[in-house]
Amino acid sequence: MSEVRSVSASASVDHRHIIAIDGPAAAGKSTVARLLADRLGAMLFDTGVLYRVVALIALHAGIEPSDADALAEIARHARIRVTPPSDFDGRLYDVWLDGQDVTWEIRQPEVGAIVSPVAEHHAVRAALLPLQRIIASSGRVVMVGRDIGTVVVPDAGLKVYLDATPEERARRRFREAQARGSNETFAEVLTETLTRDAIDSGRETAPLREAPDAVRINTDRQPIDAVVAAIESLARSQRMPNGEPVWPS
Ligand code: CDP
């Protein structure tokens, strides 16, 4: 991820090499995307990181999740970098804010509790859109979020909507939290998951929606490897206008 903020995306950029993965909280998007990106030799860009960092800064600065102007200002100026994972502690990438490693800080329940209200504001989303579009125009990228296939890159070459039942999603999130030593209960994790889904699906700007041309995959009883293999096979079957594969083996 770069810190460039002022270039606007060109309408003529070909997004055949973008794989958009959207879906509700803890549907397995990031884990699937990391493995898929590694197999395809693509970059991974998890857009949730942007909203989580804005929420973290707001928390530290005592800014209310309802203060759209102040949050948009944060979103415009935050110096966020995402780099390959530097540790084997379960992270899928490193997240840096002003040179500080905030990879785990942005996953804390305090951030989870306010990130959806923060992401609801049109001004915040508008401030974070140019950077996402620049990334989408930078080459082969697996992009993860809520509105990638519908708003950020509606012409992505492949769109996937990952879903699972709320209980299964909360179970996964609970196991992750326990592995990190968090003392959140399953009930708390389930409530947070459902609350975030409701806000993300109900907001006016760029709500969580399945794109009409997305491939929907339910990950409930599927091993991660099977989900990754299914998406990889879809990607490998895509062709350029000249018949060349979009994702050669
Ligand atoms: O990992 P998980 O699915 O739980 O969440 P995330 O991808 O880290 O996203 C955290 C929150 O950021 C979401 O619940 C949304 O409120 C917001 N978000 C969004 O609005 N649009 C995106 N493209 C990505 C995340």
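Residues numbered from 1 in each chain as written. Predicted model: local features only at pLDDT ≥ 70, side-chain atom pairs only at ≥ 80, totals over all residues. Heavy atoms only, no water.

> Explain the overall build of the chain residue by residue, including any values.
Each helix and strand counted, the chain has nine helices and eight strands in total. Relative to the 2.2 N^0.38 estimate, which gives 18 Å for 249 residues, the radius of gyration of the chain is 17 Å and therefore close to what a compact globule would have. Principal-axis analysis of the C-alpha atoms places the extent of the chain at approximately 55 × 45 × 35 Å. Counting all 249 residues of the chain, 47% fall into the buried class. Sequence separation of 24 or more characterises 72% of the internal contacts of the chain that already satisfy a separation of 6 or more. For the chain, the accessible area works out to roughly 11,500 Å², and carbon and sulfur atoms hold 53% of it. Averaging the coordinates of the 29 positive side-chain charges in the chain and doing the same for the 35 negative ones gives two points 5 Å apart. (Helix = DSSP H or I, 4+ residues; strand = E, 2+ residues; numbered from the N terminus. Rg over C-alpha atoms; globule rule 2.2 N^0.38 Å. Buried < 20%, exposed > 50% of the residue type's maximum accessible area, 1.4 Å probe, protein only. Contact = heavy atoms within 4.5 Å. Areas by Shrake-Rupley, 256 points an atom, 1.4 Å probe, with all protein chains shown as cover. Lys, Arg positive; Asp, Glu negative; His and termini not counted. Charge placed at Lys NZ, Arg CZ, Asp CG, Glu CD.)

> Lay out the nonpolar core with the relevant residues and their values.
If you look at the biggest cluster of nonpolar residues, it comprises 62 residues, and the most contacted ones within it are Ile19, Ile21 and Met143. Of the residues forming this core, the biggest block, nine residues, is contributed by helix H2 (residues 48–61). Setting aside residues up to four positions removed in sequence, Met143 forms contacts with Ile18, Ile19, Ala20, Ile21, Phe45, Thr47, Gln132, Ala136, Ile148, Val152 and Val153. (Core = buried A, V, L, I, M, F, W, Y, C linked by side-chain atoms within 4.5 Å.)

> So what about the site of the ligand? Which residues, and what values?
Within the structure, the ligand sits among 19 residues, and Arg52, Arg125, Arg173, Arg196 and Asp200 are positioned closest to it. A distance of 3.0 Å is found between an oxygen atom of the ligand and a side-chain nitrogen or oxygen belonging to Ser116. Between the ligand and Asp200 there is a distance of 2.6 Å, counted from an oxygen atom to a side-chain nitrogen or oxygen. Of the residues belonging to the shell around the ligand, the class tally is five nonpolar, four polar and ten charged. (Near = heavy atom within 4 Å. Polar contact = N/O pair within 3.5 Å; in protein donor to acceptor, adjacent residues only side chain to side chain. Nonpolar A, V, L, I, M, F, W, Y, C, P; charged D, E, K, R; others polar.)

> Lay out helix H8 (residues 186–202) in plain terms, naming residues and giving numbers.
Taking 1.5 Å of rise per residue, 17 residues should cover 24 Å, and H8 covers 24 Å from first to last C-alpha, within 8% of that figure. Burial in H8 covers these residues: Val189, Leu190, Glu192, Thr193, Arg196, Asp197 and Asp200. All buried residues of H8 project into a common sector of 160° when viewed along the axis, lining one side. Pointing more than 90 degrees away from the buried face of H8 are the exposed residues Ala198 and Gly202. Next to the buried residues of H8 lie H2, helix H4 (109–119) and helix H7 (166–179). (Expected span 1.5 Å × (residues − 1). Arc of directions from axis to C-beta.)

> Talk me through the pattern of salt bridges; I want residue IDs and the actual numbers.
The final tally for this structure, using the stated rule, is 21 salt bridges. With its nearest N and O atoms 2.9 Å apart, the salt bridge here joins Asp14 to Arg16. Residue classification places Asp14 among the partly exposed positions, given a relative accessible area of 40%. Note that Asp38 and Arg34 form a salt bridge whose closest N and O atoms lie 3.2 Å from each other. Taken together, the residues span about one helical turn, with Asp38 and Arg34 both in helix H1 (residues 29–40) at a distance of four residues. One connected set of salt bridges, linked through shared partners, spans Arg39, Asp225, Glu232 and Arg236. (Salt bridge = Lys/Arg side-chain N within 4 Å of Asp/Glu carboxyl O.)

> A description of the packing of H2 against helix H3 (residues 68–77) should follow, citing residues and the corresponding values.
Their axes nearest at 10 Å, the elements H2 and H3 cross at an angle of 120°. By the criterion of interaxial angle, the relationship of H2 to H3 is oblique. As for the relative orientation of H2 and H3, their crossing is right-handed in sense. Contacts between H2 and H3 pair Val54, Ile57 and Ala58 from the former with Leu71, Ile74 and Ala75 from the latter. For the contact of H2 with H3, the residue count by class is six nonpolar, no polar and no charged. (Axes fitted to C-alpha atoms, helices over the stretch in contact; angles between N-to-C directions. Parallel < 35°, antiparallel > 145°, perpendicular 65-115°, else oblique. Left-handed = near helix turned anticlockwise from the far one by under 90°.)

> Give a detailed account of the environment of Leu59, specifying residues and quantitative values.
Here Leu59 shows up in helix H2. Separated by 56 residues in the primary sequence, Leu59 and Val115 place their C-alpha atoms 10.0 Å from one another. Setting aside residues no more than four positions away along its own chain, Leu59 makes contact with Glu110, Val111 and Ile114.

> An account of the environment of Ala126 is needed here, citing residue identities and associated values.
In this fold, Ala126 is placed in helix H5 (residues 122–136). By relative accessible area, Ala126 is classed as partly exposed at 39%. Along the chain, Ala126 and Gln100 lie 26 residues apart, while their C-alpha atoms are 25 Å from each other.

> Account for H7, naming residues and giving values.
Under the 1.5 Å per step criterion, the end-to-end length of H7 is 20 Å for 14 residues, consistent within 8% with the ideal 20 Å. Regarding H7, the residues found buried are Glu168, Arg169, Ala170, Arg172, Phe174 and Ala177. On its buried side, H7 packs onto strand E7 (158–163) and H8. Gly181 sits one or two residues past H7 and shows a positive phi near 85°.

Honestly, that's just the spatial picture; any functional story needs more than this.
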